[in-house]
There are 2 protein chains.
Amino acid sequence: MKVLVTGSSGLIGSMLINALADKFEISALDARRSEHAPDVPTMITDGSDYESMSKAFEGVDAVVHLAANAPVETPWPDVLKNNISTTHNVYEAARQHGVKRVVFASSNHAVGNFEMDEPYCRIRVGDYEGLKPGGFKRVDNSVPIRPDSDYGVSKAFGEATGRYYHEHFGLEVACLRIGTVNPQNSPAGSVRSLATWLSHRDLTQLVSQCLTQPLGFEIFYGVSDNTWRFWDTDYAKKVIGYAPLDNAEDWR
Amino acid sequence: MKVLVTGSSGLIGSMLINALADKFEISALDARRSEHAPDVPTMITDGSDYESMSKAFEGVDAVVHLAANAPVETPWPDVLKNNISTTHNVYEAARQHGVKRVVFASSNHAVGNFEMDEPYCRIRVGDYEGLKPGGFKRVDNSVPIRPDSDYGVSKAFGEATGRYYHEHFGLEVACLRIGTVNPQNSPAGSVRSLATWLSHRDLTQLVSQCLTQPLGFEIFYGVSDNTWRFWDTDYAKKVIGYAPLDNAEDWR
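To keep things clear, this report deals only with the structure shown in the data block.

What counts, and at which threshold
- Residues numbered from 1 in each chain as written.
- Chains lettered and ligands numbered in written order.
- Predicted model: local features only at pLDDT ≥ 70, side-chain atom pairs only at ≥ 80, totals over all residues.
- Heavy atoms only, no water.
- Helix = DSSP H or I, 4+ residues; strand = E, 2+ residues; numbered from the N terminus.
- Expected span 1.5 Å × (residues − 1).
- Buried < 20%, exposed > 50% of the residue type's maximum accessible area, 1.4 Å probe, protein only.
- Contact = heavy atoms within 4.5 Å.
- Buried area = accessible area lost by both parts, 1.4 Å probe.
- Salt bridge = Lys/Arg side-chain N within 4 Å of Asp/Glu carboxyl O.
- Phe/Tyr/Trp six-rings, centres within 6.5 Å; stacked < 30°, edge-to-face > 60°.
- Lys NZ or Arg CZ within 6 Å of the ring centre and 35° of its normal.
- Least-squares fit on C-alpha atoms with pLDDT ≥ 70 in both.
- Pairing = 2+ DSSP bridges.
- Right-handed = clockwise from strand over helix to strand, strands pointing away.

So, helix α7 (residues 200-212) of chain B
With 13 residues, α7 of chain B should cover 18 Å at 1.5 Å per step; its first-to-last C-alpha distance of 18 Å lies within 8% of that length. Judged by how many residues are buried, α7 of chain B sits mostly within the fold: 10 of 13 residues are covered.

What follows is the structure, encoded as structure tokens:
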């Protein structure tokens, strides 16, 4: 199975490629050369340049689309070019070249404003008083979009585009509302991470399931089996066999 | 109350300005001069040029944002520039200039793919067999986004941005998923219009209510009181006193 990974030199891209290289035949697309780039065939081009970037989709079975400006504070002009325009191009190039499936790195920031509400606003700062883990409704894939930033809006855009391309063109699409992934691969350093952390191996397994399990259009939350998580993972467990192994609580 | 209308020379813009000119102090923003332009102070500028277009927002109380490429078939580059980029700029200019409220012309195409499903797929072609008007669940503001086009995706984008600007900056936002509005102001000529038609005077009253009634962030459907409508109007009737007078059935 030939898998194209966009944003391949980023934190998640390089980690995933190294972890999945024995299961899939991986190629890559990235905006620039990098010393952190994994050792796979890589096309260097601007994702917002359709004519150029779409060539990377020839002969590909599935795409893992990670390329984006990742900081939640990314200013609008960069969001427009590198998140919105590039993400449209990824779906369109996939359709044009008969790619079967896109795994889109959405973000928890597409629904980040739920963290303004009880009990999430308290859990994110470690105020668990009167709460039981899972004793409240977790934010799931049925909630309305509530972006907390232009970045979050761009991820909602990518989900909406994915649904359109699925329903009109039959593209299979998994949108992952990814939580907190960091280089140190640990929830230490932020109380919020005790709820939102996603370990490297759990992310790897989640993406692997998204590439190999039957799928139409789906939205899943990317979060480890954290005791205090406030995002739903039951749906991903049921639909694609997501099987997280880590729990941020073990890092306390 | 000072109201800025974007896309003022369009079908809806010119109709609305003429209908609302005695209730509000109206100014306008449009991409080009037009013989159809209403006789109000009008700034001619590209909505995707923030520095230029944002000047039109000085001293304004509310914005009715209609400027966009309206055809559902609009190609992506135009959607990106004239719908997505311009709509972001409208929200940002409103925020920057202390505008209190934005009425955003969203579209039924943000959820257009519900028309692939029963019973909407039959109603849209006039196959009413076994159905009673209102005897089925109408598509309401709680449904997930299901765009039927890049155009529809751009309207979903505008709604998501509106919600973000409301929750983060306190902007009051009404998103109108507008149905079928045409120059002849009649549902004749298309069976689907018997369900989806929105008369000029019903649209005018809907926008007027959106400008004057208490509001946070809301999504309303813009459709007349058509017997076979499949979009919800109860919510708009309850929240802002939408009071449609027309019914496409009277045109049969």
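Following the structure, the description resumes.
Some words on the interface of chain A and chain B
Across the contact, 25 residues belong to chain A and 25 residues belong to chain B. Each partner contributes to the roughly 2,100 Å² buried at the junction of chain A and chain B, and carbon and sulfur atoms together form 62% of this total. When the buried area of chain A at its contact with chain B is split by residue, W76, Y164 and E167 of chain A rank highest and sum to 24% of it. Remark: the boundary between chain A and chain B carries 2 salt bridges. Linking R146 of chain B and E167 of chain A is a salt bridge whose minimum nitrogen-to-oxygen distance equals 2.9 Å. If one sorts the elements of the side of chain A that touches chain B by residue count, helix α5 (residues 150-169) of chain A sits on top with 11 residues.

With respect to the packing of aromatic side chains
Taken as a whole and judged by the stated rule, the model has 26 aromatic pairs over all chains. When the centroid spacing of 5.8 Å and the interplanar angle of 25° are considered together, the rings of Y91 of chain A and Y165 of chain A count as stacked. On the criterion of sequence distance, the pair formed by Y91 of chain A in helix α3 (residues 76-96) and Y165 of chain A in helix α5 is long-range, its members being 74 residues apart. Judged by centre distance (6.3 Å) and plane angle (20°), the rings of Y221 of chain B and W231 of chain B are stacked. Highlighted residues: Y221 of chain B in strand β7 (residues 217-222) and W231 of chain B in the loop between β7 and α8 (234-240), separated in sequence by 10 residues. Like W231 of chain B, Y221 of chain B is buried. Put simply, the rings of Y91, F104, Y164, Y165 and F169 of chain A pair up and form one aromatic cluster. In this structure, R146 of chain A is placed above the aromatic ring of F114 of chain A, and the distance from its NZ or CZ to the ring centre is 4.5 Å.

So, the relation of the copies chain A and chain B
Mapping chain A onto chain B leaves a residual RMSD of 0.0 Å; the transformation is a rotation of 180° accompanied by 0.0 Å of translation along its axis. These values place the two chain copies in the arrangement generated by a two-fold rotation axis. Of the C-alpha atoms belonging to chain A, the one lying closest to the rotation axis is found on F157 of chain A, 2.9 Å away. By residue overlap, the copies meet face to face through one surface: 100% of the interface positions of chain A are interface positions in chain B.

What to know about the pairing of strand β1 (residues 2-6) of chain A
Residues and elements named next belong to chain A. β1 sits mainly inside the fold: 4 of its 5 residues count as buried. Looking at chain direction, β1 and strand β2 (residues 25-30) are connected through 5 bridges and run parallel. Of the residues in β2, the one forming a bridge with L4 is S27. On the question of chirality, the crossover connecting β1 to the parallel β2 by way of helix α1 (residues 11-20) is right-handed.

A word on the environment of V143 of chain B
All names here are of chain B. Residue placement: V143 occurs in the loop between α4 (120-123) and α5 (150-169). In this structure the C-alpha to C-alpha distance between V143 and M43, which are 100 residues apart in sequence, comes to 37 Å. Leave out the neighbours within four places in its chain, and V143 touches V111, F114, R177 and Y221.

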